[in-house]
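# An overview of the molecular structure
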Amino acid sequence: MAGRIKVTQVKSGIGGKQNQRDTLRSLGLHKIGQSVVKDDKPEIRGMANTVAHLVTVEEVD
(Lines give C-alpha, C1' and ligand atoms only; values in the text may rest on other atoms or scores of the structure.)
Protein backbone atom coordinates (compact mmCIF):
# COMPACT_ATOMS: atom_id res chain seq x y z
CA MET A 1 0.00 0.00 0.00
CA ALA A 2 1.27 3.46 -0.86
CA GLY A 3 2.24 5.78 1.96
CA ARG A 4 0.44 8.96 2.82
CA ILE A 5 1.61 12.50 3.34
CA LYS A 6 0.16 15.37 5.33
CA VAL A 7 0.34 18.76 3.62
CA THR A 8 -0.20 21.83 5.83
CA GLN A 9 -0.48 25.38 4.54
CA VAL A 10 1.78 27.71 6.55
CA LYS A 11 1.77 30.84 4.38
CA SER A 12 -0.77 32.69 2.28
CA GLY A 13 -0.96 32.34 -1.48
CA ILE A 14 -1.98 35.99 -1.82
CA GLY A 15 0.50 37.85 -3.98
CA GLY A 16 1.81 34.62 -5.47
CA LYS A 17 1.53 33.50 -9.06
CA GLN A 18 -1.81 32.25 -10.32
CA ASN A 19 -0.51 28.70 -10.83
CA GLN A 20 0.62 28.57 -7.20
CA ARG A 21 -2.80 29.70 -5.95
CA ASP A 22 -4.45 27.13 -8.22
CA THR A 23 -2.13 24.41 -6.89
CA LEU A 24 -3.10 25.21 -3.29
CA ARG A 25 -6.76 24.86 -4.23
CA SER A 26 -6.09 21.61 -6.09
CA LEU A 27 -4.47 20.22 -2.96
CA GLY A 28 -7.63 21.18 -1.04
CA LEU A 29 -6.03 23.97 0.99
CA HIS A 30 -7.97 27.17 1.63
CA LYS A 31 -6.67 28.62 4.91
CA ILE A 32 -3.38 28.98 6.75
CA GLY A 33 -3.06 26.13 9.23
CA GLN A 34 -5.32 23.80 7.28
CA SER A 35 -4.01 20.27 6.64
CA VAL A 36 -4.94 17.56 4.17
CA VAL A 37 -3.79 13.97 4.00
CA LYS A 38 -3.10 12.67 0.49
CA ASP A 39 -1.70 9.50 -1.04
CA ASP A 40 2.05 9.74 -1.63
CA LYS A 41 2.03 9.82 -5.43
CA PRO A 42 4.40 11.63 -7.79
CA GLU A 43 1.58 13.96 -8.87
CA ILE A 44 0.90 15.08 -5.30
CA ARG A 45 4.63 15.42 -4.55
CA GLY A 46 4.99 17.61 -7.63
CA MET A 47 2.15 19.88 -6.52
CA ALA A 48 3.69 20.12 -3.05
CA ASN A 49 7.05 21.04 -4.60
CA THR A 50 5.40 23.80 -6.65
CA VAL A 51 4.22 25.50 -3.46
CA ALA A 52 7.03 24.27 -1.17
CA HIS A 53 7.53 27.79 0.21
CA LEU A 54 3.87 27.91 1.31
CA VAL A 55 3.39 24.42 2.79
CA THR A 56 5.04 21.82 4.99
CA VAL A 57 4.96 18.14 4.09
CA GLU A 58 5.30 15.24 6.52
CA GLU A 59 4.96 11.47 6.25
CA VAL A 60 1.90 9.88 7.88
CA ASP A 61 1.46 6.18 8.60
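Relevant structure appears above.
Here's what I pulled together on the structure shown here. (Residues numbered from 1 in each chain as written. Predicted model: local features only at pLDDT ≥ 70, side-chain atom pairs only at ≥ 80, totals over all residues. Heavy atoms only, no water.)

### A closer look at the pairing of strand β1 (residues 4–9)
- Two strands pair when backbone bridges link them, and β1 and strand β2 (residues 35–39) are joined in this way by 5 bridges, in the antiparallel orientation. Directly across from Val7, in β2, lies its bridge partner Val36.
- Relative to strand β3 (residues 55–60), β1 runs antiparallel, the two sharing 6 bridges. Each bridged residue has a counterpart across the sheet, and for Arg4 the counterpart in β3 is Val60. (Pairing = 2+ DSSP bridges. Helix = DSSP H or I, 4+ residues; strand = E, 2+ residues; numbered from the N terminus.)

### Looking at the sheet that holds β1
- Ordered by their spatial adjacency, 3 strands build an open sheet running β2-β1-β3, and the pairing between neighbours is antiparallel. Taken across any chain shown, the strands that pair with only one partner, and hence form the sheet edges, are β2 and β3. Adjacent strand axes in the sheet meet at a mean angle of 25° when their direction is disregarded.
- Each of β1, β2 and β3 touches helix α1 (residues 18–27); the most contacted strand, β2, lies at about 75° to it.
- Its contacts with the sheet place helix α2 (residues 42–50) against β1, β2 and β3, and it is angled at close to 150° to β3. (Axes fitted to C-alpha atoms, helices over the stretch in contact; angles between N-to-C directions. Contact = heavy atoms within 4.5 Å.)

By themselves, these observations are geometric and do not establish any function.
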